[in-house]
Amino acid sequence: MTSLELSGISKRYGAKSVLADVSHRFEPGLTLLTGPSGAGKSTLLRLIGTAEKPGKGVISWDGAALPGGRAALRRTLGYAPQAVELPEDLTAREFALHIAALKGLDAKAADTQFGAITDAIGLHADINNRIASFSGGMRRRLVFAQALLGQPRLLALDEPTAELDRETARKLGTLILQRASEAIVVMTTHLADELAPHATAVLRVENGALVRTA
Ligand SMILES: Nc1ncnc2c1ncn2[C@@H]1O[C@H](COP(=O)(O)OP(=O)(O)OP(=O)(O)O)[C@@H](O)[C@H]1O
Ligand SMILES: [Mg+2]
């Protein structure tokens, strides 16, 4: 049974405390993370995505505490950071295949899956173009698409629908809910999101704490 648990997690940057003694067990399904700008939503996702380590506390994946459980978590992680530098000279498809290789996925299957995902979110016509030519919304969708490769059991999405029009955001929402039917999906969102009624939990990050609001 898939499980992700945070126990007594604290994170500070220099003198600034961002998360203080946060504990939460994430259930399969969609968990939305809301909260004001600078509250620590991205910080929490970076910890879950193992891009950073907590100062204190323990993260456990499938019952195995990190760092011991880190390799198992990474094998099945899909992570779409809020801000990321993309390799401008690659085409979207080359980039996706590069990520697939890092994830240890079969190239042909990943190529097929990338085609299907980008088709569903209106990016397919551009996958053989260089990323350098991509708009903000296209980049956002590309980062989203690579995160979905390989049917991750843990999907961490940081503002995946920012910069997207409502109709495109809905298309991403459909894929997010599909994955949430069998995975733990943790997604940050700035605004009250249309996905909220479908979420397993809605959490607010504020003043270093994680508060369940729905
Ligand atoms: N690498 C870092 N070094 C120093 N401070 C940092 C670093 N990363 C984040 N912070 C600080 O931690 C706090 C939380 O930042 P974080 O990016 O997690 O917020 P957020 O809730 O995702 O905000 P937003 O809604 O604007 O995306 C902010 O005060 C930020 O300045
Ligand atoms: Mg953020």
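See the structure above.
Below or above, wherever it landed, is the structure these notes cover. It should be emphasised that the depicted structure is a prediction, and the values quoted were computed from it without experimental measurement.

1. Quick notes on the overall build of the chain
Phase 1: Summing up its helical and strand segments, the chain has 6 helices and 10 strands in all.
Phase 2: The C-alpha atoms of the chain give a radius of gyration of 17 Å, which matches the 17 Å a tight globule of 214 residues would have.
Phase 3: Its C-alpha atoms give the chain principal-axis dimensions of about 45 × 35 × 35 Å.
Phase 4: Pairs at least 24 apart in sequence give 70% of the contacts found in the chain among residues at least 6 apart.

2. Some details on unusual backbone geometry
Phase 1: Here the amide bond leading from leucine 66 into proline 67 is cis, since omega sits at 5 degrees, within 30 degrees of zero.
Phase 2: When you line up the elements, proline 67 lands in the loop between β5 (64–65) and α2 (70–75).
Phase 3: Positive phi is not limited to glycine here, since threonine 50 has a value of about 60 degrees.
Phase 4: Here threonine 50 is to be found in the loop between α1 (41–48) and β4 (56–61).
Phase 5: Positive phi, normally seen in glycine, also occurs at asparagine 207, with a value near 50 degrees.
Phase 6: Residue classification places asparagine 207 among the exposed residues on the basis of 12 C-beta atoms within 10 Å.

3. Things to note about the site of ligand 1
Phase 1: Residues in close proximity to ligand 1 include Tyr13, Val18, Gly35, Ser37, Gly38, Ala39, Gly40, Lys41, Ser42, Thr43, Gln82 and His190, which together make up its full environment.
Phase 2: Of the residues forming the shell around ligand 1, the biggest block, 3 residues, is contributed by α1.
Phase 3: Broken down by class, the residue content of the shell around ligand 1 amounts to 3 nonpolar, 8 polar and 1 charged.

4. With respect to the sheet that holds strand β1 (residues 4–13)
Phase 1: With antiparallel pairing, 4 strands are arranged side by side in an open sheet as β2-β1-β4-β5. On the outer flanks of this sheet lie β2 (16–26) and β5, each paired with one strand and no other.
Phase 2: As paired strands, β4 and β5 are joined by 2 bridges and run antiparallel to one another. Residue pairing across strands places tryptophan 61 opposite alanine 64, the latter belonging to β5.
Phase 3: Across the sheet, α1 is in contact with β1, β2 and β4; its angle to β1 comes to roughly 125 degrees.

5. Thoughts on α1
Given 3.6 residues per helical turn, the α-helix brings residues three or four places apart onto the same face.
Phase 1: The buried count for α1 comes to 8 of 8 residues, which makes it a mostly enclosed element.
Phase 2: Here α1 has its buried residues at Lys41, Ser42, Thr43, Leu44, Leu45, Arg46, Leu47 and Ile48.
Phase 3: Residue threonine 50 follows α1 closely and has a positive phi angle near 60 degrees.

6. A closer look at the pairing of strand β8 (residues 184–188)
Phase 1: Burial analysis of β8 places 5 of its 5 residues in the buried class, the great majority of the element.
Phase 2: Side chains of β8 alternate between two faces, with Ile184, Val186 and Thr188 and Val185 and Met187 buried alike.
Phase 3: Two strands pair when backbone bridges link them, and strand β7 (residues 154–158) and β8 are joined in this way by 5 bridges, in the parallel orientation. Directly across from leucine 157, in β8, lies its bridge partner methionine 187.

7. What to know about the nonpolar core
Phase 1: Counting 56 residues, the largest nonpolar core has Ala145, Leu157 and Val185 as the members making the most contacts within it.
Phase 2: Sorting elements by how many residues they give to this core places helix α5 (residues 136–148) first, with 6 residues.
Phase 3: Residues within four places of valine 185 in sequence aside, it is in contact with Leu30, Thr31, Leu155, Leu157, Ile176, Arg179 and Ala180.

8. As for the packing of helix α3 (residues 92–102) against helix α4 (residues 107–120)
Phase 1: Packing of α3 against α4 brings their axes to within 10 Å, and their N-to-C directions diverge by 135 degrees. Regarding the angle of α3 to α4, the classification is oblique. Handedness of the α3/α4 crossing: right-handed. The residues of α4 that touch α3, namely those facing Arg93, Ala96, Leu97, Ala100 and Ala101, are Ala107, Ala110, Asp111 and Phe114.
Phase 2: The class makeup of the residues in the contact of α3 with α4 is 7 nonpolar, no polar and 2 charged.

9. What about the sheet that holds strand β6 (residues 77–80)?
Phase 1: What the 6 strands build is an open sheet, ordered β6-β7-β8-β3-β9-β10; its pairing is mixed. This sheet does not close on itself; its edge strands, each paired only once, are β6 and β10 (209–212). Strand-to-strand twist across the sheet, computed as the mean angle between neighbouring axes with direction ignored, equals 20 degrees.
Phase 2: One ladder, built from 5 bridges, connects strand β3 (residues 29–34) with β8; its direction is parallel. The residue bridging threonine 31 from the neighbouring strand is valine 186, located in β8.
Phase 3: Relative to β8, α1 is tilted by about 150 degrees, and along the sheet it contacts β3, β7, β8 and β9 (201–206).

What counts and how
- Residues numbered from 1 in each chain as written.
- Chains lettered and ligands numbered in written order.
- Predicted model: local features only at pLDDT ≥ 70, side-chain atom pairs only at ≥ 80, totals over all residues.
- Helix = DSSP H or I, 4+ residues; strand = E, 2+ residues; numbered from the N terminus.
- Rg over C-alpha atoms; globule rule 2.2 N^0.38 Å.
- Contact = placed C-beta atoms within 7 Å.
- Buried ≥ 20, exposed ≤ 12 C-beta atoms within 10 Å, placed from the backbone.
- Near = placed C-beta within 6 Å.
- Nonpolar A, V, L, I, M, F, W, Y, C, P; charged D, E, K, R; others polar.
- Pairing = 2+ DSSP bridges.
- Axes fitted to C-alpha atoms, helices over the stretch in contact; angles between N-to-C directions.
- Core = buried A, V, L, I, M, F, W, Y, C linked by C-beta atoms within 7 Å.
- Parallel < 35°, antiparallel > 145°, perpendicular 65-115°, else oblique.
- Left-handed = near helix turned anticlockwise from the far one by under 90°.

Purely spatial values, then, with no claim about function.
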